[in-house]
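Okay, here's what each chain looks like letter by letter:
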Amino acid sequence: MKLTNKTIANVAENSAIITPTYDRENTEIGIVHLGPGAFHRAHQAVYTENAMNLAGGNWGICGVSLRSATARDVLAKQDNLYTLAILDKKINYQIIGAMKEVLVAKDQAKEVMARLTAATTKLVSLTITEKGYCLDASGHLDLSHPDIVRDLRDRSQPISAIGYIVQALGQRKINGIAPFNVLSCDNVSGNGDKLRRAVIDYASALDKDLAAWIEVNVAFPNSMVDSITPKTEDYTVDAVSAAIGARDEWPIQREQFTQWVIEDNWQGERPAWDKVGVVFTSDVDGFEKAKLRLLNCLHSTLAYAGSLAGFETVYDVTSDSAFYDFICKLAESEVIGSFVPPKELDVQSYSKEIIERFLNPEIRHLLAQIAWDGSQKLQMRILPIIQDNLALGRSNKLLCLSLACWFEFICRALKNGDEIVDPLAADFAQIPALQGNDTTEIVNAFLKIESIFGTELKNDSQIKSQLIESLNALRIGEVRQISTIVETL
Ligand code: CS2
C-alpha cells in the first residue's frame, strides 16, 4: 500500500501517527516555497502544517524546485504527502499534507509565474542554500554571476530565484496586486536584508521604478531557522514505511528540537505560526548570530576536522573526548563574547545544549553532508567571528585551526582526486599551490580568493601566520589527536 490521499485513513487508524486534521482538499495554496528540499519539508512545512491543524487557513504550499525534478516526480505519486520522522529516544511520526504541489521551474516556468503572481499567494519563502543568493563577498548581488547575467539578458524565463522574485513582483505591480512577503529561511546572516539587497540590486538593473516600488512595499523579514535534518537514506525509507504501514518513497527525518525566529515586519495575513512555536521579534540578529556562530560554526569545524581524522558522523566525532573538548573550548574562548546575544538567550546554556544535540545517538548526520559548499558556508559561519574578534582584540587561534582544517580538507581532496562539492571546486583545481607542500603558499592562495575572504584578511599578518602554523600542525601531527595539535599552537 502506497501513502496517498486514499490510504491516509488507514494510516490514521494508528493513533500514534499524526495526520492532517484540516480540510486538505479544499485548502488553497497561499505559499510558494523556492527549494522544497529536506530542510523545508522538515521545518517550515511542519510549522505550517501544525498551524493549519490548529487554526486552518489557506496556507497550502507550492514547492518550486529551480532545476531538479526529483521532488516533484516522487511526491506526485503520493499526492504530495510525506512522513516526518522525529528522531528521539522514541521515534514519532507525522504525515504532512501542507505541500499541495511541486513544480519544476526549468520545465514549468509559466505555471510557476502563475503561482507567484496569483492574488492568493501571500508569501514566497526560500531555502535555496547560501549559493542561491548569488552574493559577492560584500553581501551585494554579484552582477557578474552567470545566472544573474543570463536572467538580466533574457527575461522570458529566469533561472535564478532572484530573477523569479523580481519578475513576479513586477507583474504584480502592473496587475495592481499587493506584493507577497519574501521570507528567506537559509543559514545566511541577515538573510532577509541580504535577499532584499539582492532583489533591489537586480530590479535596479532592470527598472528603477520597480526597484523603488519594492523598496517601499515589500517586506523581507530576517529569520533564524534551526533543526538538524540528516539526509534521507534508503534505510530511512524502509523503516518509516514499515512504521506507518504504507510505502512512503521520501520521508524526512529530523531531531526533536526545532526553532524558528522571524522578524516582525510582516505585511498582511500569515499562518497561525505564532500559536505553534514560531517566535516573532523585532531583533532576530542576535538569534541568528548565536545560531550561525555556535551551531553552524561548530558543525563545520567538526565536518572538516572530523573528516580529516577519519570520523563519519557528527555523533561519532563529538563522542571522542578530544574533539568534544576542542569544540567546547572553541565555543567558550572564541565564539561566545564575539557578539551580543539577545537578552532572552542564556548563551552559555545555549552552547551546551547544542553540543548535547550533536550527541543524539539516534541521528546519523554525515560529516560529508555538512562539508559541502565550504566556500559559501564559512563566509557566514567563521569569517564574521574572526572579523569581530579582530576588532575586539580577541583571540582567533582555534578559529584559524578550524579554517586550516577546511584548507587541508580541500587540498587532500585535490591530491586524492576526490569529488569536491562546492561551487568553487573548478577554481580550486586551477590553483597549483593547493596541490603542493608549501603551507605558506597554500594559505596565501586561499586568502587571495576575494569572493570568499574579501580584500582585508590577506593583509592581516597575524591571521596569516596563525593559519600557516595550524596547517603545519595538521600536516605534522595526527589529526585524531586534536588536543595535542591545539596544545602546539
Ligand atoms: C549544517 C546545517 O549542513 C550543514 O551545513 O550545519 O544544515 C545544520 O544542521 C542546520 O543549520 C541546523 O539547523
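Keep in mind it's a predicted model, so treat the numbers as computed, not measured.

Participant: Tell me what's going on with the pairing of strand β2 (residues 29-34), and back it up with residues and numbers.
Facilitator: Among the six residues of β2, five are classified as buried, and the element is accordingly described as predominantly covered. With five bridges connecting them, β2 and strand β3 (residues 60-65) associate as parallel partners. When the sheet's bridge partners are listed, V32 is paired in β3 with C62. Bridge analysis of β2 against strand β7 (residues 123-126) gives four bridges, and the strand direction is parallel.

Participant: I'd like a rundown of the site of the ligand, residues and numbers included.
Facilitator: Taken together, N187, D226, S227, I228, L295, N296, H299, Q369, I370 and K377 make up the full set of residues adjacent to the ligand. If you tally residues by element for the shell around the ligand, the top one is helix α11 (residues 285-308), at three residues. Residue composition of the shell around the ligand, grouped by class: three nonpolar, five polar and two charged.

Participant: Tell me what's going on with unusual backbone geometry, and back it up with residues and numbers.
Facilitator: Here the phi dihedral of D79 falls at roughly 55°; this positive angle occurs in a residue that is not glycine. For D79, the position within the fold is in the loop between α4 (70-76) and β4 (82-87). Taking the C-beta count within 10 Å as the criterion, D79 has 19 such neighbours and is therefore assigned partly exposed. The backbone of N80 sits at a positive phi, close to 60°, despite the residue not being glycine. Turning to its location among the elements, N80 is positioned in the loop between α4 and β4.

Participant: Any details on α11? Residues and values, ideally.
Facilitator: End to end, α11 covers 33 Å across 24 residues, agreeing with the expected 34 Å (1.5 Å per residue, within 8%). Remark: G310 follows α11 within two positions and exhibits a positive phi of approximately 90°.

Participant: Let's hear about the sheet that holds strand β9 (residues 223-226): which residues, and what values?
Facilitator: One open sheet holds the three strands; their spatial order is β9-β11-β12, and the pairing between them is mixed. Strands at the two margins of the open sheet, each flanked by one partner only, are β9 and β12 (279-281). Neighbouring strand axes in the sheet, compared pairwise and without regard to direction, differ in orientation by 15° on average. Two elements, β9 and strand β11 (residues 259-263), share four bridges in a ladder whose sense is antiparallel. Across the sheet, M224 pairs through a bridge with V261, a residue of β11.

Participant: Go over the packing of helix α18 (residues 397-416) against helix α22 (residues 461-476), please, and point to the residues and values.
Facilitator: At a minimum axis distance of 8 Å, the contact between α18 and α22 shows a crossing angle of 60°. In this view, α18 runs oblique relative to α22, as classed from their interaxial angle. Where α18 crosses over α22, the handedness of that crossing is right-handed. Within the contact between the two elements, α18 uses K397, C400, L401, L403, A404, C405, F407 and E408 and α22 uses I463, Q466, L467, S470, L471 and L474. Its residues assigned to classes, the contact of α18 with α22 comprises ten nonpolar, two polar and two charged.

Participant: So what's going on with the nonpolar core? Residues and values would help.
Facilitator: In this structure, I162, I165, V199 and F407 are the most contacted members of the largest nonpolar core, which totals 137 residues. Looking at which element gives the most residues to this core, the answer is α18, with 13 residues. The residues touching I162, leaving out its near neighbours within four places in the chain, are C134, L141, I148, A198, V199 and Y202.

Participant: Account for the packing of α11 against helix α16 (residues 374-381), with residues named and values stated.
Facilitator: At a minimum axis separation of 9 Å, α11 and α16 run at an interaxial angle of 145°. Here the hand of the crossing between α11 and α16 comes out left-handed. Touching L292, N296, C297 and S300 of α11 are G374, K377, L378, M380 and R381, all from α16. Residue composition of the contact of α11 with α16, grouped by class: four nonpolar, three polar and two charged.

Participant: Go over the UniProt feature "domain: Mannitol dehydrogenase N-terminal" (unreviewed entry) in the protein chain, please, and point to the residues and values.
Facilitator: Mapped onto this numbering, the UniProt entry gives "domain: Mannitol dehydrogenase N-terminal" (unreviewed entry) at residues 30-275. Helix makes up 38% of residues 30-275 and strand 20%, whereas the separation of the span's terminal C-alpha atoms amounts to 18 Å.

Calculation criteria
Residues numbered from 1 in each chain as written. Predicted model: local features only at pLDDT ≥ 70, side-chain atom pairs only at ≥ 80, totals over all residues. Buried ≥ 20, exposed ≤ 12 C-beta atoms within 10 Å, placed from the backbone. Helix = DSSP H or I, 4+ residues; strand = E, 2+ residues; numbered from the N terminus. Pairing = 2+ DSSP bridges. Near = placed C-beta within 6 Å. Nonpolar A, V, L, I, M, F, W, Y, C, P; charged D, E, K, R; others polar. Expected span 1.5 Å × (residues − 1). Axes fitted to C-alpha atoms, helices over the stretch in contact; angles between N-to-C directions. Parallel < 35°, antiparallel > 145°, perpendicular 65-115°, else oblique. Left-handed = near helix turned anticlockwise from the far one by under 90°. Contact = placed C-beta atoms within 7 Å. Core = buried A, V, L, I, M, F, W, Y, C linked by C-beta atoms within 7 Å. UniProt positions renumbered as here; feature names shortened; annotations may be inferred.

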